[in-house]
Amino acid sequence: MPLALLALAVGAFGLGTTEFVMMGLLPDVADDLHISIPTAGHLVSAYALGVVIGAPLLAALTARMPRRTVLISLMALFVAGNALSALAPTYDWLLAARFLSGLPHGAFFGVGAVVATNLVAPERKARSVSLMFMGLTVANIAGVPVATLMGQHLGWRATFLGVSLIGVAAMAAVALLIRGADAPAPVSGLRGELTALRSLPVWLALATTVVGFGALFSAYSYITPMLTDSAGYADSDVTLLLALFGVGATAGNLVGGRLADHAMRGTLFGGLASMVAVLLLFPVLMHAQWSAALAVTLLGVAAFITGSPLQLMVMERAAAGPSLASSANQAAFNLANAGGAWIGGVALAAGFGVTSPSLAGAALAVLGLGVASVAFAVDRRRDVPSTGRERVVASHVPEPVEPVHS
């Protein structure tokens, strides 16, 4: 695999760290800015809102720019957002800075996924996407815990300054390791990107992401009370257990990328079916500490097996202009986060028990299987390739010049 994928993984590591670290810093931020913890929780929502708005908007605005330039510019915006977060004098300023930090998130992953597939041979495209996403999953193992400890001992502002430095390192890595030939400007431009989004298969693929990952977040959003109230863990143990989720997510991501290069449909269906099984077993597994730890790990594996297939599925169905659709898939991921958490909360509020969000998640995973089945049925009717190595993600209209590096 090309070393240039490391540059994308470094950027993904920084984005993943700043996205999830706020959960661990909420008490410190609330105390320092003299606000309540529920009010501080809006800082998490502000970042997610930035992702949802910024992913399609920035991908559209940069549609004709060389993708190497786009990636560097997005990381520069990321650095600025985190630096402003560290310097924010009030809660309102921090809220705005968190929104700014979220704007480049989806576009970086979307454009980065297109660049990653241009760096490798057609039979390794899913694997290349999984290696970029590995930066995100590793952030849950190392980046978030270390950044949280930094914030607790040096102050939460130091955390965001540290994340800014990761962004600077990512900018340097992209500039040094990704050449212009690896990330040319798309010929299709904004019109081609928008035309690709008008396709029914693209929207079905995006819907699969929303429902499939909604299943994950229905349970994961309430994993702490499950671990403490049902499995009997102490609050201090939760951070380590969440790192186990990151380990499982990293393993699932790498396995999913490798399998999807051979059978994308089978990998996607297998991942969703595995999620159904794991979530249905959650109420049983949460009765003992050892099995609860196993459940958290297996949830990470099952959920992230589907990550690379879903990203590639969207890109293939928007082959004439994949950057915008690929970025929109990241917005769909964050909609899944919000929607899944809401559905899990409804199950809790209805009094079905502390593990009931996992059963709601299992129902969403079943729905995800249904949406994916419809998507592939539409593909067959339209003669869209869905499996095998003949798949090619076109990032720009071929021209009679030097071939794209692979």
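Because the structure is a prediction, the values reported are computed rather than measured.

Summarise the overall build of the chain; cite the residues concerned and give the values.
For the chain, the count of helices and strands is 16 helices and zero strands. Per-residue burial for the chain yields a buried fraction of 56% across its 406 residues. Contacts in the chain between residues far apart in sequence, at least 24 positions, make up 85% of those at least 6 positions apart. As presented, the chain carries roughly 15500 Å² of accessible surface, and 70% of it is formed by carbon and sulfur atoms.

Before we move on, could you go through the nonpolar core and cite the residues and values that matter?
Proteins that are soluble and globular tend to have nonpolar side chains buried together. Counting residues in each nonpolar core, the largest one holds 100 residues, and the members touching the most others are L8, L216, M275 and M286. A total of 11 residues in this core trace back to one element, the largest contributor, which is helix α9 (residues 200–220). Those residues in contact with M286 that sit more than four places away from it in its chain are I223, M226, L227, S230, A231, A292, A295, V296 and T355. Grouped together as the second largest cluster of nonpolar side chains are 17 residues, L26, L33, A88 and W156 included.

Go over the pattern of salt bridges with me, naming the residues and quoting the values.
Under the criterion given, the structure shown has three salt bridges. The salt bridge involving D32 is made with R157; its shortest N-O contact spans 3.6 Å. Of this pair, D32 sits in helix α1 (residues 4–33) while R157 sits in helix α7 (residues 156–177), and the two are 125 residues apart along the sequence. Residues E316 and R317 are paired through a salt bridge, measuring 3.4 Å at the closest nitrogen-oxygen approach.

Give a description of the packing of helix α4 (residues 67–87) against α7 that names residues and reports values.
One can describe the packing of α4 onto α7 by two numbers: an axis separation of 8 Å at closest approach and a directional angle of 165°. In terms of orientation, α4 lies roughly antiparallel with respect to α7. Here the hand of the crossing between α4 and α7 comes out left-handed. Every residue of α7 that contacts α4 at R68, L71, I72, M75, A76, F78, V79, N82, A83, S85, A86 and L87 is listed here: W156, R157, F160, L161, V163, S164, G167, V168, A170, M171, V174 and A175. Of the residues in the contact of α4 with α7, the class split is 18 nonpolar, four polar and two charged.

With reference to specific residues and values, describe α9.
Compared with the 30 Å implied by 1.5 Å per residue over 21 residues, the 30 Å span of α9 between its first and last C-alpha is a close match. Helix geometry: α9 is bent most strongly at G214, by close to 30°. Summarising burial for α9: 17 of the 21 residues are buried, a large majority.

Could you give an account of the packing of aromatic side chains, naming the residues involved and the relevant values?
As enumerated under the stated definition, the model contains nine aromatic pairs in all. Plain terms: the ring middles of F269 and F376 are 5.6 Å apart, the flat faces sit at 85° to each other, and that makes the pair edge-to-face. In this pair, F269 is assigned in helix α12 (residues 264–285) and F376 in helix α16 (residues 356–382), connecting sequence segments 107 residues apart. The class of F269 is partly exposed, set by a relative accessible area of 24%. Aromatic ring contacts, followed pair by pair, group F213, F217, Y220, F245, F304 and F333 into a single cluster.

For the environment of A365, give the residues involved together with the corresponding values.
Mapped onto the elements of the fold, A365 is located in helix α16. On the accessibility criterion, A365 (0% relative accessible area) is buried. Along the sequence, A365 and L216 sit 149 residues apart, while their C-alpha atoms lie 8.2 Å from each other. Among all residues touching A365, those that are not within four sequence positions of it are A215, L272, M275 and V276.

Break down unusual backbone geometry for me, with residues and values.
The backbone of H34 sits at a positive phi, close to 60°, despite the residue not being glycine. Counting through the fold element by element, H34 comes out in the loop between α1 and α2 (37–40). Taking the relative accessible area as the measure of exposure, H34 reaches 74% and is therefore exposed.

For the side chain of H105, give the residues involved together with the corresponding values.
Structurally, H105 is set in helix α5 (residues 91–118). In terms of polar contacts, H105 uses its side chain to reach the side chain of Y47, at 2.8 Å.

Go over a nonpolar patch on the surface with me, naming the residues and quoting the values.
Judged by side-chain polarity, L49, I53, L57 and L61 come together as a nonpolar surface patch covering roughly 380 Å² of accessible area. Of note, L49 is situated in helix α3 (residues 42–61).

I'd like to hear about the side chain of S218, residue by residue, with values.
Relative to the elements of secondary structure, S218 occurs in helix α9. In contact with S218, other than residues within four places in its own chain, are G340, A341, I343, G344, P357, A360, G361 and L364.

Could you give an account of the environment of A347, with specific residues and numbers?
With respect to the secondary-structure elements, A347 resides in helix α15 (residues 322–349). Classification of A347 by relative accessible area gives buried; the value is 11%. With 12 residues separating them along the chain, A347 and L359 place their C-alpha atoms 8.6 Å apart. Once residues within four sequence positions are removed from consideration, A347 is found in contact with F352, S356, P357 and A360.

Hey, could you go over helix α14 (residues 307–317) for me, with residue numbers and the actual values?
Counting buried residues in α14 gives 11 out of 11 residues, a clear majority hidden from the surface. Buried within α14 we find G307, S308, P309, L310, Q311, L312, M313, V314, M315, E316 and R317.

Here is what the cut-offs are and how they apply
- Residues numbered from 1 in each chain as written.
- Predicted model: local features only at pLDDT ≥ 70, side-chain atom pairs only at ≥ 80, totals over all residues.
- Heavy atoms only, no water.
- Helix = DSSP H or I, 4+ residues; strand = E, 2+ residues; numbered from the N terminus.
- Buried < 20%, exposed > 50% of the residue type's maximum accessible area, 1.4 Å probe, protein only.
- Contact = heavy atoms within 4.5 Å.
- Areas by Shrake-Rupley, 256 points an atom, 1.4 Å probe, with all protein chains shown as cover.
- Core = buried A, V, L, I, M, F, W, Y, C linked by side-chain atoms within 4.5 Å.
- Salt bridge = Lys/Arg side-chain N within 4 Å of Asp/Glu carboxyl O.
- Axes fitted to C-alpha atoms, helices over the stretch in contact; angles between N-to-C directions.
- Parallel < 35°, antiparallel > 145°, perpendicular 65-115°, else oblique.
- Left-handed = near helix turned anticlockwise from the far one by under 90°.
- Nonpolar A, V, L, I, M, F, W, Y, C, P; charged D, E, K, R; others polar.
- Expected span 1.5 Å × (residues − 1).
- Bend = angle between axes of the 7 residues up to and from the residue.
- Phe/Tyr/Trp six-rings, centres within 6.5 Å; stacked < 30°, edge-to-face > 60°.
- Polar contact = N/O pair within 3.5 Å; in protein donor to acceptor, adjacent residues only side chain to side chain.
- Patch = residues over 30% accessible without salt bridge, like charges linked within 9 Å, V, L, I, M, F, W, Y side chains within 5 Å.

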